[in-house]
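# Observations on the model geometry
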Amino acid sequence: MAAPISLAIAQRELAAASYELTLTATLSADVDDLSLRLDKKTQTFGAHRKGDVLTMTTTVDVAPGQGMDAIGGATLMLGARKLTAAIAQRVGTPAKQPAATVVDVPGIGQVSGGKQ
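The numbers attached to residues start from 1 for each chain and follow its sequence in the written order. Side-chain atom pairs in this predicted model are given and counted only at pLDDT of 80 or more, local residue features only at pLDDT of at least 70, and totals for whole chains, interfaces and linings cover all residues. Side-chain descriptors were evaluated using all non-hydrogen atoms of the structure, hydrogens and water having been removed beforehand.

### Describing the nonpolar core
A general trend in soluble globular proteins is that nonpolar side chains are found buried together. Among the nonpolar cores identified, the biggest contains 26 residues, and Ile-5, Leu-7, Leu-23, Leu-34, Leu-36, Leu-76 and Val-91 are the most heavily contacted of them. Of all the secondary structure elements, the ones that give two or more residues to this core are strand S1 (5-15), strand S2 (18-27), strand S3 (33-38), strand S5 (53-61), strand S6 (67-78) and strand S7 (81-92). Residue contacts follow a heavy-atom distance rule, with two residues in contact if any of their heavy atoms lie within 4.5 Å. Those residues within four positions of Leu-36 in sequence are excluded, and the remaining contacts are Leu-7, Leu-23, Ala-25, Lys-41, Thr-42, Gln-43, Phe-45, Leu-54, Met-56, Gly-73 and Ala-74. We define the nonpolar core as a collection of buried residues of types Ala, Val, Leu, Ile, Met, Phe, Trp, Tyr and Cys that are connected through side-chain atoms lying within 4.5 Å of one another. Relative accessibility under 20% of the residue-type maximum defines a buried residue, over 50% an exposed one, and the middle range a partly exposed one, all with a 1.4 Å probe and only protein chains included. Numbering of helices and strands runs from the N terminus, with a helix taken as a DSSP run of H or I at least four residues long and a strand as a DSSP run of E at least two residues long.

### Remarks on the pairing of S1
DSSP calls a pair of strands paired once it identifies at least 2 bridges connecting them. Inspection of the sheet shows S1 paired to S2 by 10 bridges, in the antiparallel sense. Counterpart to Ser-6 in the pairing with S2 is Thr-26. Between the antiparallel neighbours S1 and S2 lie two residues, among them Ala-17 with a positive phi of about 70°.

### Considerations on the sheet that holds S1
The strand order across the open sheet formed by three strands is S1-S2-S5, and the pairing between neighbours is antiparallel. Of all strands in the sheet, those with a lone pairing partner are S1 and S5, marking the two edges. This sheet shows a mean twist of 20° between the axes of neighbouring strands, independent of strand direction. In the sheet, S2 pairs with S5 via nine bridges, with the strands oriented antiparallel. Paired with Tyr-19 across the two strands is Val-60, which belongs to S5. For helices, the fitted axis covers only the stretch in contact; all axes are lines through C-alpha atoms, and the angles between them, taken along N-to-C directions, range from 0 to 180 degrees.

### Section: the environment of Lys-82
Note that Lys-82 resides in strand S7. When the C-alpha positions of Lys-82 and Leu-34 are compared, they lie 9.8 Å apart, and in sequence the two are 48 residues distant. Not counting residues up to four positions away in its chain, the partners in contact with Lys-82 are Thr-75, Leu-76 and Met-77.

### Some details on the environment of Val-60
You can see Val-60 is positioned in strand S5. Residues Val-60 and Leu-21, spaced 39 residues apart in sequence, show a C-alpha to C-alpha distance of 7.4 Å. Here Val-60 is in contact with Ala-17, Ser-18, Tyr-19, Leu-21, Asp-39, Met-68 and Val-91, once residues within four sequence places are set aside.

### Brief notes about the sheet that holds strand S4 (residues 41-44)
Strand order in the open sheet formed by four strands is S4-S3-S6-S7, with antiparallel pairing between adjacent strands. In the strand order of this sheet, the two ends are held by S4 and S7, each with one partner. Taken pair by pair, the neighbouring strands of this sheet meet at an average axis angle of 15°, ignoring direction. Sheet topology places S6 next to S7; 12 bridges connect them, and they run antiparallel. Across the sheet, Leu-78 pairs through a bridge with Arg-81, a residue of S7.

### Brief notes about the environment of His-48
When you line up the elements, His-48 lands in the loop between S4 and S5. For His-48 and Val-31, which are 17 residues apart along the polypeptide, the C-alpha to C-alpha distance reads 5.5 Å. Setting aside residues no more than four positions away along its own chain, His-48 makes contact with Leu-27, Ala-29, Asp-30, Val-31 and Leu-54. Under the rule applied, a polar contact is a pair of N or O atoms within 3.5 Å (in protein, one hydrogen donor and one hydrogen acceptor; residues adjacent in sequence only if both atoms are side-chain atoms). Of note is the side chain of His-48, whose polar atom sits 3.3 Å from the backbone oxygen of Phe-45.

Structure, rendered in structure tokens:
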């Protein structure tokens, strides 16, 4: 069963290499307990109702010219069931794409892979 929650991460650049991240969680069912995680922070919200929208915000620093993958998550309890959901968002410079590789395969011709 998928967790009855929708997650989104928004980012806002504060200064060179410093970003504010906001994790937004929207519930699609009543829950007995809810915790959100973003970067290295966890916040517990307790019981909430279907349709509730909860947020948490943190600030991260990214080395100049670098980027990072921010990971957000939710853990919720529905009765005795513990369910989880996660989301990733690239912050700062996009990850580098692998270079294209072209191989000449006898009998087939050129085959390429990766970014072109």
